[in-house]
Amino acid sequence: MQAAPVRATAIPSFTTALRAVESLLMSSGQRTARRNAWTSVLEDRRRAKDRVEAERVLEQTPAPRP
C-alpha cells in the first residue's frame with residue numbers, strides 16, 4: 001500500500017484568497033482607500049473601548065473633598 005502523495009504547495013488561507021480577488025477587482029488606489037478606512041474603523045473601536053474604560057474608572061473614583 002502506497003502513501004498518498006504530499007502536496008508541494010500549501011493551500012492559501014482565506015485572507016490570501018480575498019487579497020488575490022481584491023487585487024484583481026480593485027485598482028491600487030481603491031485597495032489603499034479600503035485599507036485606510038478599515039484601519040480607521042479599528043482605531044475608532046479602540047478609542048471607544050478606552051473611553052468606556054476611563055468612564056468606568058472615573059465613576060469608581062471618589063470625588064475630592066473641598
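So, a few notes on the structure that sits alongside this text. (Residues numbered from 1 in each chain as written. Predicted model: local features only at pLDDT ≥ 70, side-chain atom pairs only at ≥ 80, totals over all residues. Heavy atoms only, no water.)

**Considering the packing of helix H1 (residues 14–25) against helix H2 (residues 28–60)**
Quick note on the threshold: Axis lines are fitted through C-alpha atoms, for helices just across the contact stretch, and the angle between N-to-C directions can take any value from 0 to 180 degrees. Here a strand is any run of E in DSSP of at least two residues, a helix any run of H or I of at least four, and the numbering for each starts at the N terminus. Here roughly perpendicular refers to angles of 65 to 115 degrees, roughly parallel to angles under 35, roughly antiparallel to angles over 145, and oblique to all remaining angles. Throughout, a residue-residue contact means that at least one pair of heavy atoms, one from each residue, lies within 4.5 Å. Note on residue categories: nonpolar means Ala, Val, Leu, Ile, Met, Phe, Trp, Tyr, Cys or Pro, charged means Asp, Glu, Lys or Arg, and polar means any other residue, Gly included.
Across the interface, H1 lies against H2 with an axial gap of 8 Å and an inter-helix angle of 130 degrees. As summarised for this structure, H1 and H2 are arranged oblique, according to the angle between their axes. The segment H1 lies against H2, with Arg-19, Glu-22, Ser-23 and Leu-25 engaging Gln-30, Arg-31, Arg-34 and Arg-35. Here the residues of the contact of H1 with H2 are counted per class, giving 1 nonpolar, 2 polar and 5 charged.

**A short note on the pattern of salt bridges**
Counted only if it meets this: Between Lys or Arg on one side and Asp or Glu on the other, a salt bridge is scored when a side-chain nitrogen of the former is within 4 Å of a carboxyl oxygen of the latter. Remark: exposure states derive from per-residue accessible area (1.4 Å probe, protein chains only) relative to the maximum for the residue type, with buried under 20%, exposed over 50%, and partly exposed in between.
The final tally for this structure, using the stated rule, is 5 salt bridges. Arg-46 is the partner of Glu-43 in a salt bridge, and the nearest nitrogen-oxygen pair spans 2.5 Å. Residue Glu-43 and its partner Arg-46 are located together in helix H2, separated by 3 residues, close to a single helical turn. With relative accessibility at 30%, the residue Glu-43 sits in the partly exposed group. In this structure, Arg-46 and Asp-50 form a salt bridge, with 2.6 Å as the shortest nitrogen-oxygen distance. With Arg-46 and Asp-50 both in helix H2, this residue pair falls 4 residues apart, about one helical turn. Arg-46 gets classed as partly exposed once you look at its relative accessible area, which sits at 40%. One continuous salt-bridge network, built from bridges that share partners, spans Glu-43, Asp-44, Arg-46, Arg-47 and Asp-50.

**A few points about the side chain of Arg-31**
Note that Arg-31 resides in helix H2. On the accessibility criterion, Arg-31 (19% relative accessible area) is buried. Arg-31 has contacts with Glu-22, Ser-23 and Met-26, leaving out every residue within four places of it along the chain.

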